[in-house]
Amino acid sequence: LDSFQSDIIYRDPLPRNMIENSMFEEEPDVMDLAKESPSCPIDSDDVVYEPRSSRLLVRGLGENDQDDEEEDYESSARLLGMSFMNRSSNQRGATSSFVRQQPSGLCSMPSAKTTVLGVLVLVVVASVVMVIYFLPSCTFSKEGCQKSNSSTIYPVTSEGELFPWSELRLPTSVRPVQYEISLHLNLTTLTFQGSVTIRVVVLNETKVIVLHSSGMKILKCTFQDKEVKVLEYKPWQQIAINISENLKKGQTYVLNINYMANLSSSYDGFYNSSYIDTTWEKRVLAATQFEPLAARKAFPCFDEPAFKATFLIKIKREREYISLSNMPKAKTTELPDGLFEDEFESSVNMSTYLVAFIVANFSSVSMNASNTVVSVYAVPDKKDQVHYALQTAPQLLQFYNSFFDINYPLRKLDLVGIPDFLAGAMENWGLITFRETTLLVGNHSSDIDKQLVTSVIAHELAHQDNEFLRVRFRALEKDALNSSHPVSSVVNTPEQVEEMFDAVSYEKGASILLMLNATFTEQVFREGIKEYLKKYRGGNTDSNDLWSSLSQVIKQSVDVGQMMNTWTKQKGFPLVTVSRAGTQVKLMQEHFLLNANNVTASSNLWHIPLTYVNDTCSNSISCRQVFHFKDKTAKFEVPTSVKWLKFNYRNEGFYVVDYGDKGWEALMDALKENVNVLSREDRASLINNLFALSRLGKVSIIQVLNLLTYLKNETETAPLTEALRQLNHIYRLLGKRSDLFLVSRMRTHIFDHFGDLMDSQSWGKEMSVSKQELRSALLETACTLNRLNCTQQAKALFNQWMASNRTMRIPGELLKVVLSVAAQTEQDWNTLFNTYKFSILDSEKRKTLQALASTQNIRTIMWILQAGLDGNDIQTPELPLVISTVCRHFAGHLYAWDFVKENWDKLTQKFPVGSFALQSIIASTTSQFSRKLQLEEVQSFFGSLKERGSQMRSVQEAIENIELNIRWMESNLATLRKWL
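Cut-offs and rules
Residues numbered from 1 in each chain as written. Predicted model: local features only at pLDDT ≥ 70, side-chain atom pairs only at ≥ 80, totals over all residues. Heavy atoms only, no water. Helix = DSSP H or I, 4+ residues; strand = E, 2+ residues; numbered from the N terminus. Buried < 20%, exposed > 50% of the residue type's maximum accessible area, 1.4 Å probe, protein only. Contact = heavy atoms within 4.5 Å. Polar contact = N/O pair within 3.5 Å; in protein donor to acceptor, adjacent residues only side chain to side chain. Expected span 1.5 Å × (residues − 1). Patch = residues over 30% accessible without salt bridge, like charges linked within 9 Å, V, L, I, M, F, W, Y side chains within 5 Å. Areas by Shrake-Rupley, 256 points an atom, 1.4 Å probe, with all protein chains shown as cover. Salt bridge = Lys/Arg side-chain N within 4 Å of Asp/Glu carboxyl O. Pairing = 2+ DSSP bridges. Axes fitted to C-alpha atoms, helices over the stretch in contact; angles between N-to-C directions. Phe/Tyr/Trp six-rings, centres within 6.5 Å; stacked < 30°, edge-to-face > 60°. Lys NZ or Arg CZ within 6 Å of the ring centre and 35° of its normal. Lys, Arg positive; Asp, Glu negative; His and termini not counted. Charge placed at Lys NZ, Arg CZ, Asp CG, Glu CD. Parallel < 35°, antiparallel > 145°, perpendicular 65-115°, else oblique. Left-handed = near helix turned anticlockwise from the far one by under 90°. Nonpolar A, V, L, I, M, F, W, Y, C, P; charged D, E, K, R; others polar. Disulfide = S-S within 2.5 Å. Core = buried A, V, L, I, M, F, W, Y, C linked by side-chain atoms within 4.5 Å.

Caption draft 1: Layout of the environment of Ser266. Counting through the fold element by element, Ser266 comes out in the loop between strand E11 (252–262) and strand E12 (269–276). By relative accessible area, Ser266 is classed as buried at 12%. In sequence terms Ser266 and Thr908 are 642 residues apart; their C-alpha atoms lie 9.9 Å from each other. Every residue in contact with Ser266, bar those within four places of it in the chain, is listed here: Tyr271, Gln909 and Lys910. Only 3.0 Å separates the side chain of Ser266 from the side chain of Ser264, close enough to count as a polar contact. Among the polar contacts made by the side chain of Ser266, one reaches the side chain of Asp268 at a distance of 3.0 Å.

Written out as structure tokens, the structure reads:
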């Protein structure tokens, strides 16, 4: 929310700098990257990553892996498939000495670039998601890489010894086939001891075994029952064992490592979590989050997705705890020391990042569904909040079994709510972990809260996101920047791998699959996906395998591979410009690039399945026509009687359309005459395209605002919320410049178009989820802009709620609005904070936190930021949400920026460089700056960080966004002063 007291907040004291905030909340949600490593070492500069938008419940159907408001949909956004070590070769410090040697007999760098397959989302009308895997050409299932004559540089360990491997990726001379892991956890000292026995098979003769290990103390290592020395190169999180004699190809050997380590204090690896129960006692537990790069923090392993193996896990625990892992429990043994050891069944072949285990005091409920025992686990105080998830998961499981015509392959499926969990969810094989707010539903949760839980469970079961209209708009905004990247991208460092979890990788990936699905019909697309999954089940694939499967069922003269490569192998998307002369329609495509620095746009072309409708038939799927647009320009004919054309039917394509002045006028005149002449998705896409073209400089802001006068007749959620989102962004940009005149005029403009609709909203129960979303957006804007009718109603409802001792139910979608209004007074803020501390209803708790962070009291803002970092009163995983909420308001955005600068080192200890959390924090604190002084400060700060963050793509995006904001202000500020 922005300020509720716009006439007061500008008198608050300013911090010493002059910077501001973001139009973003948190960006969603998870992707899955490449699943394969090459047969021979490849240069780090040649690694290609392509993350996925989502995964299958049986993601493994392709490989035997099972498989929020905006900020809540972050849930799946930090998953990764290819494992890289800590640094690229160009980041080695002076302390990392290297010795140049001639190449050994081992296979060296490949002669060709390696393409890694990422996973994209299959989106269909029935909420189906699919994963595409882009894997390197040198794999276990392919021929080995060609040898190179170049010499090899080997690093030196901190002990001064030569480390026998020189690549970020592991060698593939050996691969694991079976792990046996035994863990003994101490939740008092927050440490654990472990033993891992790895059975490996030799693919090529070698005298060295290299694998991953991070943050462990190796106590003893044996190879074939003989003790051997372990060498460690910490910058790449690798350990190596030199063998005196060549290991023979085809032979199997056994490696055993005993070790000890601390539980991670961040939120990856094997980490400690805690919560305060209703008796105010602190409870501790341990859980895992291995994707993208963290299985190596729990046990030494070959931590790259292509190194699949089976896993047998044993966990020692105290009596009061339970342990969970991917597979069903085989047996429990009581030990002489009073501990219990749980042994789990051996898993199917899977990658290390999907291994999971938990030790906690949890309660559960279970039911049988589709020959699978489905269980939902939560802390005992919240055991009454698990039933909605238990009802939902079996239905989704049955649906996906039927849809993909492949049954979920395990006998059990656990869904576990973790109290202190950074991701939204993680689809570990057989043991899906969730942030509590994305799994648990209380009696007072709204239908929107339930929709969120259903969406996240569906995402993790079959990997999707249902809100694809908003998702596509967000992806388009990010992919329009010069700092964007192809869906299949080259990455050199772990930090860059982390950054692949963004809107381009996830949401563009999902969008282009939706486009493919819409082009060839859902049924045909579904058959192609089923063919693909069955043909390659249990194996590794590359993108051509998917395109080939689809081509077999499409049976049209369309080269699916060629078409899709134009969308996955080059960044950005096309702008289609339409002009009409009589019956002839002329088309031109070019790269849509928001160009702040006069960078030359690419000359790339896309194979666009261009869809369109016209005034004679516009609202039915049967009206849609398809034109395959592959060249720079094209023409086609329409009947003389056609008055107007609307391209990109229902916004199912990933492109923007400019109709020219006459074309836009014709469309808007048609909407003024009959708002339902186009579908609600088409109306929303027209609004989105108009604002995008304004930012590009193709359409003036005055044209945009004039063309949107039709909105007074609009009643549907999608177009209204898109218009509100765009206008609110401009309002916040103006507000952060302290331009009181324009802020006031923009506020009046918004009320002129939406005021009557705002005032007509009820404050009682609304049955339609779509109407709930619309009401929430309207009233949040109304109270943000201090509309008296809204603030009075909200305050009255809050007083009634408090008088009832919080037993009266406020509709869940209105709770944040009501609490945010109340949080503007000191007394009610303190009351809300006590409510927050004692609440065990997660959806209510998170909305209360957002309300608390909306305060305009500077001292309180500074306290809540620090509390989120400290992690006591406010859990640290909520800090990105706190920062984004603070930054939406004038009073706190500069302090939030100061806070980030002053605490950057602490933030990077909590959240890995490149992680989604840091991406969100950077966007929140900078993306609404629009002054050159602010740009210079951002450049100076991030430039000073060097390896601590200056190289992040999100930093380049932040700088580019500020430059674009500056340019937009220079182009439109004077015009707005005259027009508003």
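Caption draft 2: Inspection of helix H4 (residues 468–479) at higher detail. Look at H4: 16 Å from first C-alpha to last across twelve residues, which is about the 16 Å you get at 1.5 Å a residue. Taking burial as the measure, the twelve residues of H4 include ten buried ones, the bulk of the element. Buried residues of H4: Phe468, Leu469, Val471, Arg472, Phe473, Arg474, Ala475, Leu476, Lys478 and Asp479, and no others.

Caption draft 3: Region of the structure containing a nonpolar patch on the surface. On the surface, a nonpolar cluster with roughly 340 Å² of combined accessible area is contributed by Ile276, Trp280 and Phe838. Within the secondary structure, Phe838 is located in helix H18 (residues 826–838).

Caption draft 4: Representation of unusual backbone geometry in the model. For the peptide bond that leads from Glu291 to Pro292, omega is 15°, which places it in the cis range. Positive phi values are uncommon outside glycine, yet Asp405 reaches one of about 60°. Among the secondary structure elements, Asp405 is positioned in the loop between helix H2 (387–404) and strand E21 (412–418). Positive phi outside glycine occurs at Thr521, with the angle close to 80°. Structurally, Thr521 can be placed in the loop between helix H6 (503–520) and helix H7 (522–535).

Caption draft 5: Up close: the sheet that holds strand E25 (residues 574–581). Reading across from one edge, E29-E26-E25-E31 is the order of the four strands in this open sheet, with mixed pairing throughout. In the strand order of this sheet, the two ends are held by strand E29 (633–637) and strand E31 (656–658), each with one partner. Adjacent strand axes in the sheet meet at a mean angle of 25°, parallel and antiparallel pairs treated alike. Looking at chain direction, E25 and E31 are connected through three bridges and run parallel. When the sheet's bridge partners are listed, Leu575 is paired in E31 with Val656.

Caption draft 6: Looking closely at the side chain of Thr433. Tracing the sequence through the fold places Thr433 in strand E23 (residues 431–435). Here Asn428 takes part through its side chain, which lies 3.3 Å from a polar atom of the side chain of Thr433. When near neighbours in sequence (up to four residues on either side) are disregarded, Thr433 contacts Ile358, Val416, Ile418, Phe421, Ala425, Met426 and Asn428.

Caption draft 7: Representation of the packing of aromatic side chains. Applying the stated criterion to the full structure yields 39 aromatic pairs. Their ring planes at 90° and their centres at 5.2 Å tell us that Tyr233 and Trp236 sit as a pair that is edge-to-face. Neither residue differs from the other here; Tyr233 and Trp236 are each classed as buried. Taken together, the ring pairs in this structure connect Tyr179, Phe192, Tyr259, Phe270, Phe290, Phe299, Phe311 and Phe357 into an aromatic cluster. The aromatic ring of Tyr836 is capped on one face by Lys845, whose charged end is 4.2 Å from the ring centroid.

Caption draft 8: Region of the structure containing a negative patch on the surface. Together, Asp661, Glu665, Asp669 and Glu673 line one region of the surface with negative charge. With respect to the element layout, Glu673 can be found in helix H10 (residues 660–673). Since its relative accessible area comes to 73%, Glu673 is described here as exposed.

Caption draft 9: Region of interest: the sheet that holds strand E9 (residues 231–233). Taken in spatial order, the three strands make up an open sheet running E6-E10-E9, and their pairing is antiparallel. Each end of this open sheet is capped by a strand with a single partner; those strands are strand E6 (206–212) and E9. Taking each pair of neighbouring strands and ignoring which way they run, the sheet shows an average axis angle of 30°. As defined by bridge partners, E9 adjoins strand E10 (residues 238–247) across three bridges and the pair is classed as antiparallel.

Caption draft 10: The packing of helix H24 (residues 916–926) against helix H26 (residues 953–979), seen in detail. Running from N to C, H24 and H26 cross one another at 15°; their axes reach a closest spacing of 9 Å. The pairing of H24 with H26 is recorded here as roughly parallel in orientation. For the crossing formed where H24 meets H26, the hand is right-handed. Where H24 abuts H26, its residues Gln919, Ile922 and Thr926 lie against Ser954, Val955, Ala958 and Ile962. In terms of residue class, the contact of H24 with H26 is made up of four nonpolar, three polar and no charged.

Caption draft 11: Inspection of the state of the cysteines at higher detail. Summed over all chains, the structure comprises two disulfides. Shown here is the disulfide that connects Cys617 with Cys623, its sulfur atoms set 1.8 Å apart. One disulfide, between Cys617 and Cys623, carries an S-S torsion of -65° and so falls in the left-handed class. On the accessibility criterion, Cys623 (8% relative accessible area) is buried. The side chain of Cys783 participates in a disulfide bridge whose partner is Cys790; the two sulfur atoms lie 2.0 Å from each other. An S-S torsion of about -100° defines the bridge between Cys783 and Cys790 as left-handed. Judged by its relative accessible area of 2%, Cys790 falls in the buried class.

Caption draft 12: Representation of the pairing of strand E17 (residues 340–344). Of all five residues in E17, five are buried; the element is thus mostly enclosed. Residues Phe340, Asp342 and Phe344 line one face of E17 and the alternating positions Glu341 and Glu343 line the opposite face, and both faces are buried. Sheet topology places strand E14 (residues 310–317) next to E17; four bridges connect them, and they run antiparallel. Within E17, the residue paired with Ile315 across the bridge is Asp342. Pairing analysis gives five bridges linking strand E16 (residues 329–334) to E17, with the strands arranged antiparallel. Paired with Lys331 across the bridge in E17 is Glu343. Between E16 and E17, which follow one another and run antiparallel, lie five residues, and Gly338 among them has a positive phi close to 90°.

Caption draft 13: A look at the nonpolar core. Counting residues in hydrophobic clusters, the biggest one holds 188 residues, and the most contacted among them are Leu516, Phe647, Phe754 and Trp904. If sequence neighbours within four positions are ignored, Trp904 has contacts with Leu918, Ile922, Phe941, Phe942, Leu945, Arg948, Gly949 and Met952. Ranked by size, the runner-up nonpolar core spans 76 residues in total, among them Phe163, Cys221, Phe270 and Met350.

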